[in-house]
Amino acid sequence: MQNLTIEVDFDRFPPEHTCDGENTSPRIRVIGSNAPYLAVIVDDPDAPRGTFTHWLAWNIPAADEIPGGIPPERRVSRPVSAVQGTNDFQRTGYAGPCPPKGASHRFFIRVWGAGREVDLPPGADRSLLEDALAAAAIEYGETMAVYERKKALAAPPDTGPRT
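Residues numbered from 1 in each chain as written. Predicted model: local features only at pLDDT ≥ 70, side-chain atom pairs only at ≥ 80, totals over all residues. Heavy atoms only, no water.

Enquirer: I keep staring at the state of the cysteines and nothing clicks. Help me out?
Expert: Enumeration according to the criterion identifies one disulfide in this entry. A sulfur-sulfur distance of 2.2 Å marks the disulfide that ties C19 to C98. Here C19 and C98 share a disulfide; its torsion about the S-S bond, 80°, makes the bridge right-handed. One end of the pair, C19, is in the loop between β2 (5-7) and β3 (28-31); the other, C98, is in the loop between β8 (82-84) and β9 (104-114), with 79 residues separating them in the sequence. (Disulfide = S-S within 2.5 Å. Helix = DSSP H or I, 4+ residues; strand = E, 2+ residues; numbered from the N terminus.)

This is the structure we're talking about:
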């Protein structure tokens, strides 16, 4: 399998790509792809109950970048054509990092180059996409960024009646 170089504009997720902000998908640069289609999985291996999937998308026409701000629809035509699956929030499309407050988690952005369209219906889950990519993928690359939600400030200690 050919290696891809995958880049995002950050090493720590900015709030606009998380549950603490607008929850918009980030721009992903793809370097070295010759495949006609791309597929993406974003996940959090540090989640309390095991790896948590934040985004599944496939049949993205190959380009040097997957644009940010892809709407959470099953089939997308703008800003790029794509089919999206069901993430572990049980929603379609991208749902950004949202770890427990005070815990720093790693988020992997994994991209496959597929030699043909992936034959899956919109809303498919991760296991179906991984099975399909096992047969269709000819390229692969990944990058990682972290995110930590800030803990709520503790209330000051009660020092008795105030006058």
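Right, picking up where we left off after that structure.
Enquirer: Explain the side chain of H17 to me, please; I cannot follow it from the model alone.
Expert: You can see H17 is positioned in the loop between β2 and β3. At a separation of 2.7 Å, a polar atom in the side chain of H17 contacts the main-chain carbonyl oxygen of T24. (Polar contact = N/O pair within 3.5 Å; in protein donor to acceptor, adjacent residues only side chain to side chain.)

Enquirer: For this particular structure, what's the right way to read helix α1 (residues 126-136)?
Expert: One turn of the α-helix equals 3.6 residues, which is why residues spaced by three or four share an orientation. Every buried residue belonging to α1 is among R126, L129, A132, L133 and A136, and all of these are buried. Each buried residue of α1 lies within a common arc of 130° when the element is viewed along its axis, so the set occupies one face. Turned more than 90 degrees off the buried face of α1, the exposed positions are D131, A134 and A135. Lining the buried residues of α1 we find β4 (37-44), β5 (52-61), β9 and β10 (137-148). (Buried < 20%, exposed > 50% of the residue type's maximum accessible area, 1.4 Å probe, protein only. Arc of directions from axis to C-beta. Contact = heavy atoms within 4.5 Å.)

Enquirer: Sorry if this is basic, but what is going on with the sheet that holds β2 here?
Expert: Within a sheet, each strand pairs with its neighbour through backbone hydrogen bonds, oriented either parallel or antiparallel. Strands sit in the order β2-β3-β6 across an open sheet of three strands; the sheet is antiparallel. Where the open sheet ends on each side, the last strands, each with one partner, are β2 and β6 (65-66). Note that β2 and β3 share three bridges and pair antiparallel. Each bridged residue has a counterpart across the sheet, and for E7 the counterpart in β3 is R29. (Pairing = 2+ DSSP bridges.)

Enquirer: Explanation requested: the pattern of salt bridges in the structure shown.
Expert: Two side chains of opposite charge can pair, provided their charged atoms sit close to one another. For the structure shown, the criterion picks out 10 salt bridges. The shortest N-O distance in the salt bridge between D20 and R149 comes to 3.0 Å. Of this pair, D20 sits in the loop between β2 and β3 while R149 is found in the segment after β10, placing the two residues 129 residues apart along the sequence. Judged by its relative accessible area of 38%, D20 is partly exposed. Among the salt bridges present, the one from R27 reaches E65, with a minimum N-O distance of 2.9 Å. With R27 in the loop between β2 and β3 and E65 in strand β6, this pair connects stretches of sequence that are 38 residues apart. (Salt bridge = Lys/Arg side-chain N within 4 Å of Asp/Glu carboxyl O.)

Enquirer: Sorry if this is basic, but what is going on with the environment of I70 here?
Expert: The topology assignment puts I70 in the loop between β6 and β7 (75-76). Its relative accessible area of 6% is what places I70 among the buried residues. Along the primary structure I70 and P100 are separated by 30 residues, whereas in three dimensions their C-alpha atoms are 25 Å apart. Dropping the residues within four chain positions of it, I70 is found in contact with S25, W55, V76, P79, V80 and Q84.

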